[in-house]
Amino acid sequence: MNLFYLIAFLSIVFSLLVIFSKNPVYSVLYLIITFFTFTIHYILLNAQFLAIVNFIVYMGAIMVLFLFVLMLLNLNEDSEPMKSNLIKIAGVVAGMCLLVTLIGSFKALGESNPLILQNPEIGLVKNLGKVLFNEFLLPFEISSILLLTAMVGAVLIAKRDIKKV
Amino acid sequence: MESITNSIQGVPLNHYILFCTIIFCIGVIGVLIRRNAIVIFMSVELMLNAVNLLLVAFSAYKGDASGQVFVFFVMALAAAEVAVGLAIIVMIYRNTNSTDINVLNRLKW
């Protein structure tokens, strides 16, 4: 039980560091640690398949993509555009207002039951695969088309215009 | 594995909701206060992850596997979104030599 609060505290601290660190490269590195704490959360909930997918897809693929683009564009602290302090304070106040509103509305729900894993087998690869390939077969196939179109679109957008050069 | 998952027993579902709300709002603040397009993208990733964790928590709470399958689809969507978004950022950098989103305020009209 205490482990959850420790990991939650770590995720909040590192996600704050993501948005407040000046250097974008440090932001990416803190984001990797934040995603690692999320992986630990998934393991705690016994969602082992999602923990592995989160580890591979987010910490592996997406973060490498971010870091690659960041290094390719040669961004560092000197070229980092910063907003004025007034806009920063206004942004933080607006975000806090959203937080207070949401928490206040959740307080109206009252005290909830403790989270008990009723069916601990649910997140294992075997059971999730059965659900994925029975009920969700069509969305699964459609998501493969989505990934294909995203790949084609990314290549098409990032390609240099031949006529221009 | 059994002892690890036992440690989650007794955490109220409300605390998961609060935790995910805080992470989501940190993402919103990040979108509002930063001007670098890549950092804004990272804040959007934070928001997506907060929602993912909440879906998994509710799925474990209800004992229903559909939530975890849905998180899997959200992750596939996030991967596609990041690929296209970073391609757009590379193109913007090529045209304007910066990733400052204020350069793009011409898009407003």
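Above this text is the structure in question.
Everything numeric in this text was worked out from a predicted model, so none of it was measured.

Participant: Can you explain the overall build of chain B? Please cite residues and give values.
Facilitator: On a plain count of helices and strands, chain B comes out with four helices and zero strands. When its helices and strands are written in sequence order, chain B yields α-α-α-α. Across the 109 residues that make up chain B, the buried fraction comes to 48%. For chain B, the proportion of contacts with a sequence separation of at least 24, taken over those separated by at least 6, is 43%.

Participant: Can you lay out the overall build of chain A for me, pointing to particular residues and giving the numbers?
Facilitator: The secondary structure content of chain A amounts to six helices and zero strands. Relative to a compact globule of 165 residues, whose C-alpha radius of gyration would be 15 Å, chain A shows 21 Å and is clearly more extended. Referenced to the eigenvectors of the C-alpha coordinate spread, the extents of chain A come out at roughly 60 × 45 × 25 Å. Here chain A holds 165 residues, and 25% of them are scored as buried. For chain A, contacts bridging at least 24 residues in sequence account for 59% of all contacts bridging at least 6.

Participant: Report on the nonpolar core, specifying residues and quantitative values.
Facilitator: Counting 66 residues, the largest nonpolar core has L50 of chain A together with I38, M42, V56 and A57 of chain B as the members making the most contacts within it. Sorting the residues of this core by element identifies α1 (2-20), α2 (24-44), α3 (48-73) and α6 (137-158) of chain A together with α2 (13-33), α3 (37-62) and α4 (66-96) of chain B as the ones contributing at least two each. Here the element with the most residues in this core is α3 of chain B; it accounts for 14 residues. The contact partners of M42 of chain B, leaving out residues within four places of it in the chain, are V18, S27, V28, L31 and F66 of chain A.

Participant: Kindly report on the environment of M63 of chain A, identifying the contributing residues and their values.
Facilitator: Its place among the elements puts M63 of chain A in helix α3. Setting aside chain neighbours within four positions, we find M63 of chain A in contact with V28, L31, I32 and Y58 of chain A.

Participant: For α1 of chain A, give the residues involved together with the corresponding values.
Facilitator: Residues spaced three or four apart along an α-helix point in a common direction, a consequence of the helix completing one turn every 3.6 residues. With 19 residues, α1 of chain A extends 27 Å from end C-alpha to end C-alpha; this agrees with the ideal 27 Å at 1.5 Å per step. When we look at burial in α1 of chain A, the residues that qualify are F4, A8, S11, S15, V18 and I19 of chain A. An end-on view of α1 of chain A places all buried positions within 80 degrees of arc, on one side of the element. The exposed set on the far side of α1 of chain A, more than 90 degrees from its buried face, consists of N2, Y5, L6 and F9 of chain A. Each element contacted by the buried residues of α1 of chain A is listed here: α2 of chain A together with α2 and α3 of chain B.

Participant: Tell me about the interface of chain B and chain A, residues and numbers included.
Facilitator: Opposite the 64 residues of chain B that make contact, chain A presents 75 residues. Among the elements that take part in the side of chain B that touches chain A, α4 of chain B stands out by supplying 20 residues, more than any other. When its residues are assigned to classes, the side of chain B that touches chain A shows 46 nonpolar, 14 polar and four charged.

Participant: Quick rundown of unusual backbone geometry? Include the residues and the values.
Facilitator: At N46 of chain A, a position not held by glycine, the phi torsion is positive, near 60 degrees. Locating N46 of chain A in the fold gives a position in the loop between α2 and α3.

Participant: Let's hear about α3 of chain A: which residues, and what values?
Facilitator: Taking 1.5 Å of rise per residue, the 26 residues of α3 of chain A would be expected to cover 38 Å, and the 36 Å separating its terminal C-alpha atoms lies within 8% of that figure. Every buried residue belonging to α3 of chain A is among F49, L50, A51, V53, N54, Y58, I62, F66, V69, L70 and L73 of chain A, and all of these are buried. Residues of α3 of chain A that are buried in the fold lie against α2 and α5 (125-134) of chain A together with α3 and α4 of chain B. Once α3 of chain A finishes, N74 of chain A follows within two positions and takes phi at roughly 55 degrees, a positive value.

The rules behind these values
Residues numbered from 1 in each chain as written. Chains lettered and ligands numbered in written order. Predicted model: local features only at pLDDT ≥ 70, side-chain atom pairs only at ≥ 80, totals over all residues. Helix = DSSP H or I, 4+ residues; strand = E, 2+ residues; numbered from the N terminus. Buried ≥ 20, exposed ≤ 12 C-beta atoms within 10 Å, placed from the backbone. Contact = placed C-beta atoms within 7 Å. Rg over C-alpha atoms; globule rule 2.2 N^0.38 Å. Core = buried A, V, L, I, M, F, W, Y, C linked by C-beta atoms within 7 Å. Expected span 1.5 Å × (residues − 1). Arc of directions from axis to C-beta. Nonpolar A, V, L, I, M, F, W, Y, C, P; charged D, E, K, R; others polar.

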